[in-house]
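Residue-level listing of the chains:
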Amino acid sequence: MATDILLPKLGFSMTEAQIAEWLVADGAHVTEGQPLYSLEADKSTNEVEAPASGTLRIIAQIGEIYEVGTVLGTIE
């Protein structure tokens, strides 16, 4: 069963953020807790960890702005 990778809300007033960099390639195996991508929001950059282990399938593109809760990819 696939696990969605959702854009997290990292601050009280955060409503959207930009994907700065994917740290793992599409199709690569990831483990839960491994850093997946860098997120730029509210003048800060944060690394977001994998919510599960499995094969990464990327949907979101670098440089695009997404709303909190948007599915950025899946882990199968």
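Everything numeric in this text was worked out from a predicted model, so none of it was measured.

**Some words on the pattern of salt bridges**
Applying the stated criterion across every chain, the model contains 1 salt bridge. R57 serves as the salt-bridge partner of E76, at 3.4 Å between the closest nitrogen and oxygen. With E76 in the segment after strand 8 (71-75) and R57 in strand 6 (residues 54-58), this residue pair connects regions lying 19 residues apart in the sequence. Judged by relative accessible area, which is 34%, R57 ranks as partly exposed.

**Here we look at the environment of T74**
Its location among the elements puts T74 in strand 8. The class for T74 is buried, based on a relative accessible area of 14%. Each C-alpha atom of the pair T74 and T3 lies 5.5 Å from the other, and the pair is 71 residues apart in sequence. Those residues in contact with T74, other than ones at most four positions away along the chain, are A2, T3, D4, I5, T55, L56 and R57.

**Some thoughts on the sheet that holds strand 4 (residues 35-41)**
Read from one edge of the open sheet, 4 strands run 5-4-2-7, paired in antiparallel fashion. Looking at strand neighbours, the two that pair on one side only are strand 5 (44-49) and strand 7 (65-67), the edges of this open sheet. If you compare each strand with its neighbour and ignore which way they point, the axes differ by 40° on average. Sheet analysis places strand 2 (residues 16-22) next to strand 4, joined by 4 bridges and oriented antiparallel. Bridging from a neighbouring strand, W22 pairs with Y37 of strand 4.

**Let's talk about the pairing of strand 8**
Burial runs high along strand 8: 4 of the 5 residues are buried. As paired strands, strand 1 (residues 3-6) and strand 8 are joined by 4 bridges and run antiparallel to one another. Each bridged residue has a counterpart across the sheet, and for L6 the counterpart in strand 8 is V71. Of the strand pairs in this sheet, strand 6 and strand 8 are connected by 3 bridges, and their pairing is antiparallel. The partner of L56 across the bridge, within strand 8, is I75.

**Concerning a nonpolar patch on the surface**
Together, L6, I59 and V71 make up an exposed nonpolar region whose accessible area comes to about 250 Å². Looking at the secondary structure, you find L6 in strand 1. Looking at L6, the relative accessible area reads 45%, which means it is partly exposed.

Rules and cut-offs
- Residues numbered from 1 in each chain as written.
- Predicted model: local features only at pLDDT ≥ 70, side-chain atom pairs only at ≥ 80, totals over all residues.
- Heavy atoms only, no water.
- Salt bridge = Lys/Arg side-chain N within 4 Å of Asp/Glu carboxyl O.
- Helix = DSSP H or I, 4+ residues; strand = E, 2+ residues; numbered from the N terminus.
- Buried < 20%, exposed > 50% of the residue type's maximum accessible area, 1.4 Å probe, protein only.
- Contact = heavy atoms within 4.5 Å.
- Pairing = 2+ DSSP bridges.
- Axes fitted to C-alpha atoms, helices over the stretch in contact; angles between N-to-C directions.
- Patch = residues over 30% accessible without salt bridge, like charges linked within 9 Å, V, L, I, M, F, W, Y side chains within 5 Å.
- Areas by Shrake-Rupley, 256 points an atom, 1.4 Å probe, with all protein chains shown as cover.

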